[in-house]
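# A closer look at the structure
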Amino acid sequence: MNSAFHTIVVSLLTGAFAISVLGIVLRVYVQNWKKEWIPTIGKYADFMAWVSALTGFVLIFAALITGFAVWPIHAVLNSSILKNKIFTAVLLLIFWAVFLVIRYKFRERIWQSATLSVYYFLLGVGAFFWGVVTNSIGGDVAGNSSGFEYIVHLIGVDTRWSFYLPTWMLFILVGLGVVAAFVPSFFRQDQKQAPKDFKAKEM
Amino acid sequence: MKRMQIAVIYVLIASLAVGLTGGFMSSGVVQDDPDRNIVIPDERMTELKVKAAYNGEDIFWRFDWESEDGFYHDYLVYENGEWVQHGASPVGPDLEGVYEDRLTFLIDDGSVEHFNSAGGFLTVQEGMRYMTSMADAEEAAEHVDRNWVRKFLPETREDPTDWRTVKEEEELEKLVDAGYFLDFWHWRAHRSNPVGHAEDTHLLEDRNADTGDMFTTNWDDELDQPQYMFDPDTAGKHAMDWNRVLARDYTQDDYYYLGPDNMTEFDPDHDWQEGDTLPRRPLEEPTGSRANIFANGVWDDGRWNLDLQRAMDTGNPREDKIFHEQGKYDIAFAIHKNATGTRWHYVSFPFTFAFEREADIQVQKFEGDTPPWDEIEWETFEMFYPGQITWDHAINPEQHAGAEEVKKSTPISEAHTEEEFSFYGIESEFRDEILGQWMMTMGAVSIFVVLFSIGVVRSARIERRDQ
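Once that is clear, we can look at the overall build of chain B. For chain B, the helix and strand inventory stands at 11 helices and 19 strands. Dimensions of chain B, computed from C-alpha atoms along their principal axes, come out at roughly 100 × 60 × 50 Å. Counting only residues that meet the buried cut, chain B has 54% of its 467 residues in that class. Once local pairs closer than 6 in sequence are excluded, the contacts in chain B between residues at least 24 apart make up 72%. When the accessible surface of chain B is totalled, it reaches about 19900 Å², and 46% of it is carbon and sulfur. Across chain B, the 41 positively charged side chains and the 96 negatively charged ones have centroids separated by 11 Å.

Looking now at the domain arrangement of chain B. Domain annotation for chain B reports domain 1 (2-17 + 437-466) and domain 2 (42-429). Computed over C-alpha atoms only, the centres of domain 1 of chain B and domain 2 of chain B are separated by 56 Å.

A separate point is the interface of chain A and chain B. Each partner contributes to the interface: chain A provides 64 residues, whereas chain B provides 64 residues. Taken together, the two surfaces of chain A and chain B that pack against each other cover about 6200 Å², and 69% of this comes from carbon and sulfur. It is Arg160(A), Trp161(A) and Tyr164(A) in chain A that bury the most area against chain B; as a group they hold 14% of the surface buried on that side. There are 1 salt bridge connecting chain A and chain B. Note that Arg160(A) and Glu419(B) form a salt bridge whose closest N and O atoms lie 2.9 Å from each other. The tally of links from chain A across to chain B stands at 14 residue pairs in polar contact (both at pLDDT 80 or more). Elements with a contribution of two residues or more to the side of chain A that touches chain B: α3 (73-77), α4 (80-106), α5 (114-141), α6 (167-182) and α7 (188-192) of chain A. Residue composition of the side of chain A that touches chain B, by class: 43 nonpolar, 14 polar and 7 charged.

Now for the packing of helix α2 (residues 38-70) of chain A against α4(A). Between two packed helices, what matters for the description is the angle formed by their axes and the separation of those axes. Residue and element names in this part refer to chain A. At their nearest, the axes of α2 and α4 sit 10 Å apart, and the two run at 150° to each other. Here α2 lies roughly antiparallel to α4, going by the angle between them. Taken as a pair, α2 and α4 cross one another with a handedness that is left-handed. Side by side, α2 and α4 meet where Asp46, Phe47, Ala49, Trp50, Ala53, Leu54, Phe57, Ile60, Phe61, Leu64 and Phe68 of the first sit next to Ile86, Ala89, Leu92, Leu93, Trp96, Ala97, Phe99, Leu100, Arg103 and Tyr104 of the second.

Thresholds applied
- Residues numbered from 1 in each chain as written.
- Chains lettered and ligands numbered in written order.
- Predicted model: local features only at pLDDT ≥ 70, side-chain atom pairs only at ≥ 80, totals over all residues.
- Heavy atoms only, no water.
- Helix = DSSP H or I, 4+ residues; strand = E, 2+ residues; numbered from the N terminus.
- Buried < 20%, exposed > 50% of the residue type's maximum accessible area, 1.4 Å probe, protein only.
- Contact = heavy atoms within 4.5 Å.
- Areas by Shrake-Rupley, 256 points an atom, 1.4 Å probe, with all protein chains shown as cover.
- Lys, Arg positive; Asp, Glu negative; His and termini not counted.
- Charge placed at Lys NZ, Arg CZ, Asp CG, Glu CD.
- Domains from an automatic or database assignment.
- Buried area = accessible area lost by both parts, 1.4 Å probe.
- Salt bridge = Lys/Arg side-chain N within 4 Å of Asp/Glu carboxyl O.
- Polar contact = N/O pair within 3.5 Å; in protein donor to acceptor, adjacent residues only side chain to side chain.
- Nonpolar A, V, L, I, M, F, W, Y, C, P; charged D, E, K, R; others polar.
- Axes fitted to C-alpha atoms, helices over the stretch in contact; angles between N-to-C directions.
- Parallel < 35°, antiparallel > 145°, perpendicular 65-115°, else oblique.
- Left-handed = near helix turned anticlockwise from the far one by under 90°.

Take a look at the structure:
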């Protein structure tokens, strides 16, 4: 397959995510500074963010398919930079998946919770910029590095080495995830006293 | 209040995860593994400065690079009544530091396909000495008359990626007729420099010395003793002292080598003392085409300064590339330093040099015998440790995403930088291990993001309680 197809799909999904981020930013603005616009512009912006993110999410799969059609899997797995591209793309997929799941479960009620709305906003904006890093690594593969991939150098990661961690570090990372998941349990009493109306199923 | 506490906890967890991930990313796999012939050098890259001139008869090169005092090489040391060899081509550096520095380069005139785009990588194949896939000694001896396989050009094999399939002598001769060989200049800090030469060799089905002599081995198999020792009348000593060698006490002004001017036949009746040391590679007065290149290398204050000179037309077109005015040629450099041999070197991408034409290195014309070096600008080239990247890997689309570009002779520098290659070279030695760790890391990072998000969503209820 001509690599142009992959480039087109990546451009489409980046555009979709850009629209999504625009919607989120607009909604945050309305939510905090133009509350009278919430039923109109706020609602539509939120819907726009949701639909665009869903479109971009589906297009990530299309990008993975076209990407693997351009380069044989073994060639990809032998290249540190292509492996890093896959790594960042998978993480991008996870970010947007979480974004969409949260939106699916809580819908517009996300904006009633400071915790959720902040996390939703950060996820959307963060995932968009992570997408830029991903695309930039892709540009590096094509010999047109934009330089955005060097953002990860700020945390000491060099994109020219394959992304991998020592095994003991993987356990720590998963352990940190488990701790993060159970942090609310340490506040169980508070959780039990919380109003039922925030449970997603009952909303 | 609870909401703030939880927010702080999540910020801490996220910061810890990001910090640890950044701090330990790409670590834990790359490490020395001598059993697989893997020793990773401390430095991934180095620099080589080059300038060149010609006077119509000869071409002159001047080089400058950083290095330790690498003019010690391969000694026989008298220990417990026996002569024991110290210094050999080991896996990685020689730990006693007695392996010479070298500066080498390959030159082509356009006859060898892909050399102008891939440089020395064209000559690297699986099975070569000290690759992880190093050929079995017996099998190597069967096919290449030596216990190990050295670099070679692909078209010298029936199967260009299989070192075993050497073509018949007649076919090799026809390749040479067609100019299909690389001129291989080989400056050695110990085995050639003291006699004012670089070794002139060429690359075809193997690295072949040009016709002539330069050095031999200081060992008499029949008598089981060295053949030569220092001549006390000219050298002022019978032998060097091993402790002084280890202390790097001999300078270039001392006799650290055996040469035509300072050696004599070995005297077994001499009262040899523990630690007496004789060079194992006595130098001969260079002869023939092998002696075409004159050299003067001076090590000073942590740097080599080297001058080379050769006739533009040596009269040996089957062993040397002949240079012409208005000619343009391809060249790729390599440096061995830090007491290393074989594949533990630093290499450059291929570049061009030309006489009165545009090129990466402009060979400047001058009148007289000595180039006006001060008037010629240095060109600086990045050199990198190449790891175990083979030609077979580079041209195989199943292994290398850019294989088609390599086959089209797209210059390596259009797709990669030297610094990138310094990373790829090292990773090439751990492909399988890195792949497994990469997959596990992708899984662990994904699990972390999902669990973290679950936690944040769960904590949203506590926020409601707070309110």
